[in-house]
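Residue-level structure breakdown
What follows is each chain in one-letter form.
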Amino acid sequence: MAVIHRTELKPTKLELLTTWLPSRPWYRGGTGTPQLSRAGGFRLDDPRGEVGIEFIVVTDTSGAEPATYLVPLTYRGAPLDGAEHALVGTMEHGVLGPRWAYDGCHDPVLLDRLPALMEGRAQAQDQDSSDTPDREVGVSFTGEGPLPTDLTATDDRDGTLLASPRGTILRLHRVLRPEDDSALAARQATGRVTAVWRTVGGDRVRGPIATL
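Residues numbered from 1 in each chain as written. Predicted model: local features only at pLDDT ≥ 70, side-chain atom pairs only at ≥ 80, totals over all residues. Heavy atoms only, no water.

1. A look at the nonpolar core
One finds Phe-42, Phe-55, Leu-114, Leu-162 and Ile-209 to be the most contacted residues of the largest nonpolar core, which totals 31 residues. Those elements that place two or more of their residues in this core are strand 2 (36–44), strand 3 (52–60), helix 2 (108–119), strand 10 (169–173), strand 11 (191–198) and strand 12 (204–211). Looking at this core, the element that brings in the most residues is helix 2, giving six residues. Residues within four places of Leu-114 in sequence aside, it is in contact with Leu-44, Phe-55, Leu-162, Leu-170 and Leu-172. With 19 residues, the next largest nonpolar core counts Tyr-27, Ile-56, Tyr-75 and Met-91 among its residues. (Core = buried A, V, L, I, M, F, W, Y, C linked by side-chain atoms within 4.5 Å. Buried < 20%, exposed > 50% of the residue type's maximum accessible area, 1.4 Å probe, protein only. Helix = DSSP H or I, 4+ residues; strand = E, 2+ residues; numbered from the N terminus. Contact = heavy atoms within 4.5 Å.)

2. A few points about unusual backbone geometry
Of all residues except glycine, most have a negative phi; of all peptide bonds, most are trans. The peptide bond linking Gly-145 to Pro-146 adopts the cis configuration, its omega dihedral lying at -5 degrees. Tracing the sequence through the fold places Pro-146 in the loop between strand 7 (138–141) and strand 8 (152–155). Despite not being glycine, Asp-131 has its phi angle at roughly 55 degrees, a positive value. A relative accessible area of 55% means that Asp-131 is categorised as exposed.

3. Points about the packing of aromatic side chains
Tallying each qualifying case throughout the model produces four aromatic pairs. Measuring from ring centre to ring centre gives 6.1 Å for Trp-20 and Trp-26, while their planes differ by 65 degrees; the resulting arrangement is edge-to-face. For Trp-20, a relative accessible area of 7% gives the class buried. We classify Trp-26 as buried; its relative accessible area is 0%. By way of ring pairs, the aromatic residues Trp-20, Trp-26, Tyr-27 and Tyr-69 are connected into one cluster. (Phe/Tyr/Trp six-rings, centres within 6.5 Å; stacked < 30°, edge-to-face > 60°.)

4. Some points on helix 2
Each turn of an α-helix holds 3.6 residues, which means side chains three or four residues apart point in the same direction. In a regular helix each residue adds 1.5 Å, so twelve residues correspond to 16 Å; helix 2 covers 17 Å between its end C-alpha atoms and thus fits that length. Most of helix 2 sits out of view: ten of its twelve residues are buried. Along helix 2, the residues that are buried comprise Val-109, Leu-110, Leu-111, Arg-113, Leu-114, Pro-115, Ala-116, Leu-117, Met-118 and Glu-119. (Expected span 1.5 Å × (residues − 1).)

Written out as structure tokens, the structure reads:
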């Protein structure tokens, strides 16, 4: 299980994302600086214990309407070869030292663990507590497994497509919207991951973060 350290990060994750988010094609904000707050999220464990995996949900209030984004990040103690294009930034961790933060859609460790989560072979973990499952992350899968992990990420206006050469396509929802059970059922997805986040007003809502 990943150990959550109570320590300082310089710069903070929100500071990194303030610079990085406006460069994404799915970013809905204007030309000003994003005004970010954390709205939710969860973690996944790397079986080898080497890479941190966090699905962060942030809300930006800089635009005409608040927008909530999903940002899967991986944290590494050394640069990931060939992933310079996916680097979100570097941080100094008070316990672990230098950390390289990547858009997790381009990290093979996250691309292994996300299908495992959807199939029920991995358990979502609490964002802020060590060795604590997050029971609010919902998963469903009705296809035949195991799902492929040789996924290539492509960003578009609506989010990120994770596609396998064998035809499997997993959509990662970047701009999050709440949906009730009837709306989720109408999607008729082969697999789905849902999560809970907080609105600007403090309400707790649920919606899809990944759909197969």
